[in-house]
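Architecture at a glance
Now for the letters of each chain:
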Amino acid sequence: MSGTSAALKPPADAVRPVRHPEAPAPGELLGAHYEHCFGCGEGQRHGLHLQARAGDGLSVTAEFTVQAAHQGAPGLAHGGILTTALDETLGSLNWLLRVIAVTGRLETDFVRPVPVDTVLHLDAEITAVHGRKIYSRATGRIGGPDGPVAVRAEALFIEVKVDHFIENGRPAEIEAAMADPDQVRRARAFEVNP
Ligand SMILES: CCCCCCCCCC(=O)SCCNC(=O)CCNC(=O)[C@H](O)C(C)(C)COP(=O)(O)OP(=O)(O)OC[C@H]1O[C@@H](n2cnc3c(N)ncnc32)[C@H](O)[C@@H]1OP(=O)(O)O
């Protein structure tokens, strides 16, 4: 069974956006946007360590391996973890538009159980933009990039200004990220998403 709510259907006057001319090239690894991000940060011991790669057009691909720390039922991935992997992959699409956006709504279909040690092959694409609203969808496959679908999602991201993070984030982390002597890391922490 599947189906998404009306909020995830682009309105009739939504447009298909254009890939930003300075977007990462197809095939390029995007790298972590923030070292403490649970989805992609290398500094999170039990994080997903998801690695997303720019695809053609308005798409990305990503992989993550389900670890024992990600279990819900014995030997199986927790559904919330799988949704996190989808959220992270969908969030990385914003590099292609080079806008800052946060997840407003995310709906997941869980189609097949995903065992520990499985590599989840994710792909995602932006489908439409309407004002600050960015519509997208993603699938996660097991057994290979063309394997059976285990999870799929549709999402609505909302474009925000960098102030969203500065005004809402805990001051300790905001100050630490702003004081990072690594200029690239400092910019990435705020450039796209939390
Ligand atoms: C390489 C980079 C990789 C990055 C990966 C990151 C992956 C992780 C991404 C995340 O998980 S982000 C963290 C989770 N999300 C949040 O914490 C967001 C919390 N929510 C908010 O801060 C605000 O609700 C939000 C900024 C989303 C919207 O508030 P605003 O006051 O800016 O928006 P506003 O209410 O003016 O709504 C703007 C439009 O969006 C629509 N909208 C907002 N929230 C919605 C919602 N939840 N569902 C449906 N529509 C929504 C709203 O109806 C409206 O539509 P219209 O323009 O047509 O009138």
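Identification of the protein as Acyl-coenzyme A thioesterase THEM4 from Streptomyces sanglieri is taken from an unreviewed UniProt entry. Of the comments in the UniProt record for the protein, the one headed Sequence similarities (unreviewed entry) reads "Belongs to the THEM4/THEM5 thioesterase family."

Moving on to the overall build of the protein. If you tally the helices and strands in the protein, you get 5 helices and 6 strands. Ordered by position from N to C terminus, the α and β elements of the protein give β-β-α-α-β-β-β-β-α-α-α. For 194 residues, the compact-globule estimate of 2.2 N^0.38 gives 16 Å, and the protein sits close to it at 16 Å. Taken along the three principal axes of its C-alpha coordinates, the protein extends 45 × 40 × 30 Å. For the protein, buried positions account for 42% of its 194 residues. In the protein, the share of contacts with a sequence separation of at least 24, taken over all contacts with a separation of at least 6, comes to 67%.

Counting 37 residues, the largest nonpolar core has Leu 50, Phe 64, Leu 90, Leu 120 and Ile 134 as its most contacted members. Apart from residues lying up to four places away in sequence, Ile 134 is in contact with Asn 94, Leu 97, Val 99, Ala 101, Ile 126, Ala 128, Val 129, Ala 155, Leu 156 and Phe 157.

Time to look at the sheet that holds strand E4 (residues 119-130). Within the open sheet, the 6 strands sit side by side as E1-E2-E4-E5-E6-E3. Their pairing is antiparallel. One side of each edge strand has no neighbouring strand; the edge strands of this open sheet are strand E1 (51-54) and strand E3 (101-110). Along the sheet, successive strands turn relative to each other by an average axial angle of 20 degrees, direction set aside. In this structure, E1 lies alongside strand E2 (residues 59-65), joined through 4 bridges in antiparallel fashion.

With that settled, consider the UniProt feature "domain: Thioesterase" (unreviewed entry) in the protein. UniProt's entry tags residues 75-139 with the feature "domain: Thioesterase" (unreviewed entry), counted in the numbering of this structure. As a span, residues 75-139 carries 28% helix and 45% strand, and end to end its C-alpha atoms are 21 Å apart.

Turning next to the site of the ligand. Surrounding the ligand, one finds 20 residues, the nearest of these being Asp 87, Trp 95, Gly 104, Arg 132 and Lys 133. One of the backbone N or O atoms of Thr 103 is found 3.0 Å from a nitrogen atom in the ligand. Here an oxygen atom of the ligand sits 2.7 Å away from a polar atom, N or O, in the side chain of Lys 133. Taken by itself the ligand offers 1200 Å² of open surface, and the protein chains cover 57% of this. Elements that contribute at least two residues to the shell around the ligand include exactly helix H1 (79-92), E3 and strand E6 (149-159). Class assignment for the residues of the shell around the ligand results in 8 nonpolar, 7 polar and 5 charged.

Bridging between E2 and E4 involves 7 bridges; their strand directions are antiparallel. Directly across from Ala 62, in E4, lies its bridge partner Leu 122. Note that E4 and strand E5 (residues 133-142) share 10 bridges and pair antiparallel. Paired with His 121 across the bridge in E5 is Arg 141. In sequence, E4 turns back onto E5 through a hairpin of 2 residues, with Gly 131 there showing a positive phi of about 60 degrees.

Parameters at a glance
- Residues numbered from 1 in each chain as written.
- Predicted model: local features only at pLDDT ≥ 70, side-chain atom pairs only at ≥ 80, totals over all residues.
- Heavy atoms only, no water.
- UniProt positions renumbered as here; feature names shortened; annotations may be inferred.
- Helix = DSSP H or I, 4+ residues; strand = E, 2+ residues; numbered from the N terminus.
- Rg over C-alpha atoms; globule rule 2.2 N^0.38 Å.
- Buried < 20%, exposed > 50% of the residue type's maximum accessible area, 1.4 Å probe, protein only.
- Contact = heavy atoms within 4.5 Å.
- Core = buried A, V, L, I, M, F, W, Y, C linked by side-chain atoms within 4.5 Å.
- Pairing = 2+ DSSP bridges.
- Axes fitted to C-alpha atoms, helices over the stretch in contact; angles between N-to-C directions.
- Near = heavy atom within 4 Å.
- Polar contact = N/O pair within 3.5 Å; in protein donor to acceptor, adjacent residues only side chain to side chain.
- Areas by Shrake-Rupley, 256 points an atom, 1.4 Å probe, with all protein chains shown as cover.
- Nonpolar A, V, L, I, M, F, W, Y, C, P; charged D, E, K, R; others polar.

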